[in-house]
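Coordinates in review
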Amino acid sequence: MNEPETSMKTACGSPVSESAGSAPAIEVRNLSRWFPGVHAVRDISFTVEPGQVIGFVGANGAGKTTTMRILATLDHPSSGEAFVCGHNVVTHPAEVRRCIGWMPDHYGTYGHMTVLEYLDFFARALGFGGEERIERIAEVMEFTDLTGLADRLIDALSKGMGQRLCLGRALLHDPEVLILDEPAAGLDPKARVELKHLIRLLAQEGKTVLISSHILSELGEMCDSLLFINQGRVIHHGSAESLRRGNSAASLIEVQITGSVAKLSAWATLSPHVTFREATKSGGRIEIDSVEPAVIASVLRRMIDDGIAVTDFHLQERKLEDAFIEILGEIEASGSPFVS
Amino acid sequence: MISPPLTDARDALSVARRMKDFPSSFSPMLVKELRQGMRTHLFTVAFILLQSVMVLSLLAGLADPSSPAVDGFFWFFIVITLLIVQPLRGFNALSSEYLLNTMDLIQLTRLDSWRITVGKWSALNAQTLLFLTGVMPYLVMRYFLGNVDFITDLTGLLFLGLGSGLASAIAIGCSAFRQVVLRGVLLIAFGIGFVLLYVTIQTTLLRSGWGGSRLATMGLTAISLLYGSFFFLSFGASRIAPLSENHSTRKRLVALGFTALALGFLWFDIEWAVLTVVGLILSFACVDALTEPLPVYSKVLEPFRRHPLGRLGASFLAPGWLGGICFFLICFGIFTSFAWFVNRTSSSSPFPTGDPIAFATFLLSWANLFLFPLILIHLFFPRHASGSFTFGIYTFIQGCALLLTIMTATLAEALNRFDHLIFALVPIPSILLVAVENGGANDGYKLIYLATALLTLLIGIAVPLLRQRAAVSEFVRHLKRR
């Protein structure tokens, strides 16, 4: 299928606003939020640089939505501070609202309105008037591919179309930071791919995106880094790649060859930095005692030079889900709430 | 892969251009509500039904122009449409935004809670205006058929329109509560009050010609309707508002402004009507102020911090029940002074005249009526003393107290014992009020009543302050912070 050539170039402008200056897009300092009987968020701190896409991961009730609602000025912290585009969410909520686009985990639409009326209402409510309002609506409809659905009642939209509409609404005022709470929840695979694609486009435009999801593999593909939260505490902040690799200083490689597996085993035994781990149907797993890409590449080159007919050679990574579970396990074992 | 766009950029622009049916200067909420409201079956059905009934009544009028039944038929359906059907359409106005999960989304735009509420109310009134416009030709035709005073009819229609505005404001204000039962109870309670008020207006004003004081009473009625509409709209707005919005200061200043305006009608020699209206305005404002949550967003206090006079103003204008208590005391002072003045100058006083102790006990007991539920809330429901349930609990306690008062008074009447024994059994301010009104006690008991009333007032102020010391000191700290 063709990639859409739609973009938000005109609307989105530069990735970092002048008002934000050099301030991080999102900065959270020792943020806590408690409700009667519930400590939803406990002393969390993190920073998101402009243009980054950050995945916010955690089980239900971990504190993701509460944190996101505070960042969106819809709730207030019990202690600590949060800044979006350099503005304090408590003392300057209006400024924060101007630079964020918020997409909650629920639908948030009016069933008896058409797509066009819905976007028009929010464009008016955001203060757009006259031709500017028309242009904003047109750009958003074009970007989210809703033009053909403009006159359809929202009740008649599929979940995926509805999510695109919600994303369109969040983009109407061309925000610098997007806060998306479980945007892919309940979407079918096709709608999920479409949404992922739109988020990728927004990231290319330089938008900062904070996105929460249960589906870690999807976040891994989209995000520059992942923020794990558990029982109101941030337990890990790092890239998806580092998570997949884990803390290990070695790389596990899956190798497929033509010919005898014993040949691969013998070669590995004689080669420096390489250990043969186990045999598979048409090859085996070897461990290289480095994570440096250059070292891994040199091993592959040597293998070919030594006459092994390699048909597949790839780094075996942990699944993000496994990484998450492992981190939780480490926390339980250590008794400390933090993992470096 | 994402599906290719069905249309190009020019198409999107031409599609978007269709959204020019309402000018950009219109309130976004009004536009949205009109688009949604006009599409509902209820509006269409009500409009067609009203038109049909108008045609029928006109035809019946042709047959017998002087029939009061035809006249009653004509007005009955207009009243039903304007005072019941239209306001009831606002029953879910604000709560539906929560139900649809759209309230958060709207609050992230430039619309504050006041604009959201007023937008919904304006949309309902715009549709009421359509109904009124639809009725106008029939009003004119009735005039030509004879036996109809056009000016009276027109005035009636005008007041129906104003009444519909107030009734809609009540429904929309109450719709801020998400609990259907509470919403329903409030709507019924306010609805009954509204009907009583409206019937009084209809019977005493519109049926009995024109005159200087009657015109003034109509002006006073208009003031009541306007304040009522404002009150219920701001009541709803402040209930849905995030903590960062301050609606309290405006609400309280407007109440004081309307009080001053109402006091201006003293020139027209209708002091009892003025006293009633002032009493109503201040009562509504005080109940609202006393049940506001205290945890105050520090940013809201910023304007008060800038100037020493601002800090003084914060003591009664800042959001929350703490400022509400001070506001209540000021209102009580205003009302007491005014009542004392009226009591001295008027010959037909409803107060216990000629007895300063009874007069003081009477006024203090009225004040205690407002504070009494607050004592119970802070003593027995401290967790709900400063939240969204406070108003509901307050109303519930007042309702129970009213019921208890009626039962006790009935019992006292049956036993023919309007004395301290009966009232000592039910120690609530309203019972004391009944005791003072009936004047059955001797001088010794009158002093005990006065002391009880005074003590209750002091307890009413002290209990919330002591029970919520932490919140109070936090509030004061925020106010003093530079």
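Refer to the structure presented above.
Within each chain, residue numbers correspond to sequence positions counted from 1 in written order. For naming, the first written chain is A and the first written ligand is 1, with later ones following in the order written. With pLDDT at 70 or above as the cut-off, local features in this predicted model cover only qualifying residues; side-chain atom pairs require 80 or more to be listed or tallied, and sums for whole chains, interfaces and linings still use all residues. With hydrogens and water stripped out, all remaining heavy atoms of the structure feed into the side-chain values.

Observations regarding the pattern of salt bridges
Salt bridge, as used here: a side-chain nitrogen of Lys or Arg that lies within 4 Å of a carboxyl oxygen of Asp or Glu. Taken as a whole, this structure holds 30 salt bridges over all chains when the rule is applied. Ionic pairing is found between B:Glu292 and B:Lys251, a salt bridge with its closest N-O pair at 3.2 Å. A residue pair is termed long-range when its members are at least 10 positions apart, and B:Glu292 in the loop between helix H12 (271-290) and helix H13 (302-305) and B:Lys251 in helix H11 (residues 248-263) qualify at 41 residues. Assigned by exposure class, B:Glu292 and B:Lys251 land together as buried. Residues B:Glu302 and B:Arg306 are paired through a salt bridge, measuring 3.9 Å at the closest nitrogen-oxygen approach. Summary of the burial criterion: residues with accessible area below 20% of their type's maximum are buried, those above 50% are exposed, and those between are partly exposed, where the area comes from a 1.4 Å probe applied to protein chains only. Overall, the relative accessible area of 32% leaves B:Glu302 in the partly exposed class. Via salt bridges that share partners, A:Asp120, A:Arg124, A:Arg133, B:Asp21 and B:Arg35 belong to a single interconnected network. Secondary structure elements follow DSSP: runs of H or I of four or more residues count as helices, runs of E of two or more count as strands, with numbering from the N terminus.

Points about the side chain of A:Asn230
Topologically, A:Asn230 is positioned in strand E9 (residues 225-230). Here A:Asn230 is in contact with A:Ala62, A:Ile235 and A:Leu328, once residues within four sequence places are set aside. Contact definition: two residues touch when any of their heavy atoms are within 4.5 Å.

Let's talk about the environment of A:Glu81
Residue and element names in this part refer to chain A. The residue Glu81 is located in strand E4 (residues 79-84) in this model. Each C-alpha atom, one on Glu81 and one on Val28, is 6.0 Å from the other, the two residues being 53 residues apart in sequence. Ignoring any residue separated from it by four or fewer positions in sequence, one finds Glu81 in contact with Glu27, Val28, Arg29, Leu31 and Asn88.

Digging into the sheet that holds strand E7 (residues 177-181) of chain A
All names here are of chain A. As summarised here, the arrangement of the six strands in space is E6-E7-E8-E3-E9-E10, forming an open sheet in which the pairing is mixed. Two strands in the sheet have a free side with no partner beyond their single neighbour: strand E6 (100-103) and strand E10 (233-238). Across the sheet, the mean angle from the axis of one strand to that of its neighbour is 15°, orientation sign disregarded. Here a strand pair is declared whenever DSSP counts at least two bridges between the two strands. Relative to E10, E9 runs antiparallel, the two being bridged by five bridges. Paired with Asn230 across the two strands is Arg233, which belongs to E10. Axis geometry follows a simple rule: fit a line to the C-alpha atoms, using only the stretch in contact for helices, then measure angles between N-to-C directions, giving values from 0 to 180 degrees.

Concerning the interface of chain A and chain B
Contacts between chain A and chain B engage 59 residues on the former and 46 residues on the latter. Buried area between chain A and chain B, summed over both chains or domains, comes out near 4700 Å², and the portion from carbon and sulfur atoms is 63%. Here chain A and chain B share four salt bridges between them. When the shortest N-O distance is used, the salt bridge between A:Glu131 and B:Arg17 registers 2.4 Å. Those elements that provide at least two residues to the side of chain A that touches chain B are helix H3 (93-99), helix H4 (115-125), helix H5 (130-143) and helix H7 (189-204) of chain A. Side-chain classes follow a simple rule in which Ala, Val, Leu, Ile, Met, Phe, Trp, Tyr, Cys and Pro form the nonpolar group, Asp, Glu, Lys and Arg form the charged group, and the remainder, Gly included, forms the polar group. Of the residues in the side of chain A that touches chain B, the class split is 26 nonpolar, 17 polar and 16 charged. Accessible-area loss on putting two parts together, using a 1.4 Å probe and summing over both, is the definition of buried area adopted here.

Some thoughts on the environment of A:Thr91
Residue and element names in this part refer to chain A. As for its placement among the helices and strands, Thr91 is situated in the loop between strand E5 (87-88) and H3. The class of Thr91 is partly exposed, set by a relative accessible area of 28%. Taking the C-alpha atoms as reference points, Thr91 and Thr73, 18 residues apart in sequence, are found 9.9 Å from one another. Polar side-chain contacts of Thr91 include one of 2.9 Å to the side chain of His92. Polar contacts, as counted here, are pairs of nitrogen or oxygen atoms within 3.5 Å of one another; within protein the pair requires one atom able to donate a hydrogen and one able to accept it, and residues that are adjacent in sequence qualify only if both atoms are side-chain atoms.

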